[in-house]
Amino acid sequence: MANDYIKKINDYLDKQSFNGFSIFTGSSGQLINLAEQGLDSISNQGKIEELFYSTIKQFNEQNSQSTYTFCDGYSGLGWILEYLSQKELLDCNLNHTLSDFDTVLYNISLEELNKGNYDFLHGAIGIGWYFLERNSSTTTNSKLSNIVSYLHKNSIYAKGQRYWENKRRNDSSVNFGLAHGMPSIIIFLSNCYKQGIEKEKSYSMIIEAFQFMKNFKLKNQLSLYPINSLSQQPSRLAWCYGDLGIAMSFWIAGKNLGVDSLKEEAYQIFKFSSERKSMEKNNIIDAGVCHGTSGVALLFYRFYIETGDSLFYETSLFWIEKTKDFEKRGKGVDGFKSYAGHNDWSLEIGLLEGLIGIALVGDTILNKKDSKWDRCLLLS
């Protein structure tokens, strides 16, 4: 059966305990998985409630040592709480808790913006993404407005082009990866524009960022764009870095702003990337969402949902088959181990690099769901 590997993963996850509450490495990611599974509603609700209270307990115990980041900290947890609340899966009022989050996270976001830390996973854009999910009050709206203004003030502008140097990594290049660089800023600003937040500034920054990135387009290479502004080397095929994340940022911007040239560039990138089928050439060596087959499959599937073009659904299925192939490497779920470099393989259970993400992506694509859980990955 096509879904057998997903069932094996979910059976394994049901028996696991989670070391941490975070969205991408801890129990919060499993809350998304449970919320999206087609289980009996009573059984599923019981699992969600049990894991929810366990997650909050872990947060309370680790609070003083917790980070603010979307990847590992309480902006990601806040996103999860809002997501579950919107799906009406929690029988409690979270406004008081989230209001406390709002105040702390807003102050940290401005500090990080002033440091030049625009990182989605580990910086200010991740906090901004939480506020966009949370944006249900004029208070939150004003916070987003100020974040956009800080992005405008701290950007570098010249001759109709704009960019941001992510100083978290202490290099002078402009990062073109979805996880850490310009595409995440473009998607953030595009959604601010859609929600009516600083529309004029958001619009101009997006168009100017697009003009900047186009200067670095490669010719006659494996990829159309490099990993950053100082590299002429082609980029991998992945969620974290590469053409697919860039294309998704252009598509979301074009759709939200009503700019067809952005959408056309995105379409051509996805079409070009659909021909990239070599695991070795594309530097794909595991099955996870971050830099493995599942992430590639999810991006092509999301673009299929956006466009209705069957080419991209077929391509997503190709990468799902590559994902399933990893199961053959080991007994049970061991074949889905994540590669950490230097011949170091480990069985991760998190959403970003491990089993939760692999199960979520497989379930979404093979059952042709149009769920919006992938908002946590900037994809919808």
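Quantities reported herein were computed from a predicted structural model and do not represent experimental measurements.

*Asks:* Provide a residue-level description of the overall build of the protein chain, including the pertinent values.
*Replies:* Across its full length, the protein chain carries 14 helices and 4 strands. The C-alpha atoms of the protein chain give a radius of gyration of 20 Å, which matches the 21 Å a tight globule of 380 residues would have. The principal-axis extents of the C-alpha atoms in the protein chain amount to approximately 55 × 50 × 40 Å. Burial analysis of the protein chain (380 residues in total) assigns 58% to the buried set. For the protein chain, long-range pairs separated by at least 24 residues make up 68% of all intrachain contacts whose partners lie at least 6 apart in sequence. Of the roughly 15600 Å² that the protein chain leaves accessible, carbon and sulfur atoms contribute 46%. Of the side chains in the protein chain, 39 bear a positive and 43 a negative charge, and the two mean positions are spaced by 5 Å.

*Asks:* Give me the lowdown on the environment of E50, citing residues and values where you can.
*Replies:* Within the secondary structure, E50 sits in helix α3 (residues 41-62). Judged by its relative accessible area of 62%, E50 is exposed. Each C-alpha atom, one on E50 and one on L31, is 10.0 Å from the other, the two residues being 19 residues apart in sequence.

*Asks:* Kindly report on the packing of helix α12 (residues 293-307) against helix α14 (residues 355-366), identifying the contributing residues and their values.
*Replies:* One way to put it is that α12 packs onto α14 with a least axis distance of 10 Å and a crossing angle of 35°. Relative to α14, α12 is oriented so that their crossing is left-handed. Contacts between α12 and α14 pair S294, A297, L298 and Y301 from the former with I358, V361, T364 and I365 from the latter. By residue class, the composition of the contact of α12 with α14 is 6 nonpolar, 2 polar and no charged.

*Asks:* Describe the packing of aromatic side chains, naming the residues involved and giving the relevant values.
*Replies:* Under the criterion given, the structure shown has 31 aromatic pairs. Judged by centre distance (5.5 Å) and plane angle (85°), the ring pair of Y267 and F312 falls under edge-to-face. Residue Y267 is located in helix α11 (residues 260-273), and its partner F312 is located in helix α13 (residues 310-325); the two are separated by 45 residues in the primary sequence. Under the relative-accessibility criterion, Y267 is labelled partly exposed at 23%. When the ring centre of Y106 is taken as origin, the NZ or CZ atom of K143, which lies over that ring, is 5.4 Å away. Sitting over the face of the ring of Y313, K368 holds its NZ or CZ atom 4.4 Å from the ring centroid.

*Asks:* Give me the lowdown on helix α4 (residues 74-86), citing residues and values where you can.
*Replies:* In this model, α4 (13 residues) spans 18 Å end to end at C-alpha, consistent with the 18 Å of a helix rising 1.5 Å per residue. For α4, the set of buried residues is Y74, S75, G76, L77, G78, W79, I80, L81, E82, Y83 and L84. Residue E88 follows α4 closely and has a positive phi angle near 55°.

Conventions used here
- Along each chain, residue indices are assigned from 1 in the same order as the chain's sequence is written.
- With pLDDT at 70 or above as the cut-off, local features in this predicted model cover only qualifying residues; side-chain atom pairs require 80 or more to be listed or tallied, and sums for whole chains, interfaces and linings still use all residues.
- Neither water nor hydrogens contribute to the side-chain values; these are computed over all heavy atoms in the structure.
- By the criteria applied, helices consist of DSSP H or I runs no shorter than four residues and strands consist of E runs no shorter than two, each listed in order from the N terminus.
- Here the globule rule is a power law, 2.2 Å times the number of residues to the power 0.38, and the radius of gyration is based on C-alpha atoms.
- Three labels apply to residues, based on accessible area from a 1.4 Å probe with only protein chains included: buried if under 20% of the type maximum, exposed if over 50%, partly exposed otherwise in between.
- It only takes one pair of heavy atoms within 4.5 Å for two residues to be counted as in contact.
- Note on areas: Shrake-Rupley with a 1.4 Å probe; residue coverage comes only from the protein chains shown.
- Two residue types count as positive, namely Lys and Arg, and two as negative, namely Asp and Glu; His and chain ends fall outside the count.
- Every charge is mapped onto a representative atom, which is NZ of Lys, CZ of Arg, CG of Asp or CD of Glu.
- Working convention: axes come from line fits to C-alpha atoms, limited for helices to the stretch in contact. Angles between N-to-C directions cover 0 to 180 degrees.
- Each helix crossing is assigned a hand: it is left-handed if the near helix lies turned anticlockwise from the far helix by less than a right angle, otherwise right-handed if that turn is clockwise.
- Asp, Glu, Lys and Arg are counted as charged, while Ala, Val, Leu, Ile, Met, Phe, Trp, Tyr, Cys and Pro are counted as nonpolar; the rest, among them Gly, fall into the polar class.
- Only Phe, Tyr and Trp rings take part, Trp by its six-membered ring, and two of them pair if their centres are within 6.5 Å. Stacked means planes under 30 degrees apart, edge-to-face means over 60, and tilted covers everything else.
- Remark: a charge is flagged as sitting over a ring if the NZ atom of Lys or the CZ atom of Arg is within 6 Å of the ring centre and within 35 degrees of the ring normal.
- A helix's residues, less one, multiplied by 1.5 Å, set its expected span.

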